[in-house]
Amino acid sequence: MCSSDQAAGKVWSETIQNCHGIYSELDFQEIADHTQGTEVQLTIDEVREILDPSYWIFENLQLRPHWYQDRYLRCTSIRRALRWGRRTGKTHILAAEQIQKCLTTAGLKITVATPVKAQALEIVSRINEFLRENSHVGAELTRSVQQPYYEFEFKNGSRIRLFVASKIGRAH
């Protein structure tokens, strides 16, 4: 359930401050309208690409998220938890979302800590797959390293770093 729905009628001030619900077409249009006459004028599709990760992922990575992935991606809450079963696309959609966030937010720094090396390698593999299969997205990559940690750097100064968080997990 969306935290904005849960907060309705309750005093959850922190939840309300960190969540705007899920943006609608009307929201995209209003934001685009507010940019007209300013230095940076955006179309409704440009606003949607920035604020709707699901739309960006479909347009740029040719990935059509399932309904539950779409709801997760469109959620505006700062803190989100995935309580999905096995083989539901958690790693796949998180890798796609990390790329989207980096390419639409200049200077963004994303850090991912995993309990075991195999999980970090799976995320790295998915990111590499997206970058390889979509040349216009891959062209934004300026640097990719695997030692001492996994890192992807993009032309706009954003980056993704992946670490193995436990000493035991580094061996596996």
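What counts, and at which threshold
Residues numbered from 1 in each chain as written. Predicted model: local features only at pLDDT ≥ 70, side-chain atom pairs only at ≥ 80, totals over all residues. Heavy atoms only, no water. Pairing = 2+ DSSP bridges. Helix = DSSP H or I, 4+ residues; strand = E, 2+ residues; numbered from the N terminus. Axes fitted to C-alpha atoms, helices over the stretch in contact; angles between N-to-C directions. Contact = heavy atoms within 4.5 Å.

A. Structural detail: the sheet that holds strand β4 (residues 159-164). Across the sheet, four strands lie side by side as β1-β4-β3-β2; this open sheet has mixed pairing. Each end of this open sheet is capped by a strand with a single partner; those strands are β1 (109-114) and β2 (141-145). Averaged over neighbouring strand pairs, the angle between their axes works out to 10° when direction is ignored. Seen against the sheet, helix α8 (residues 117-133) touches β1, β2, β3 (150-154) and β4 and runs at an angle of roughly 25° to β3.

B. Local environment of unusual backbone geometry. The linkage connecting Gln 147 with the following residue, Pro 148, adopts the cis geometry, with an omega of 0°. Structurally, Pro 148 can be placed in the loop between β2 and β3. Non-glycine residue Gln 62 carries a positive phi angle of around 50°. We note that Arg 87 has phi near 60°; this positive angle belongs to a residue other than glycine. Looking at the element boundaries, Arg 87 is found in the loop between α6 (67-74) and α7 (90-104).

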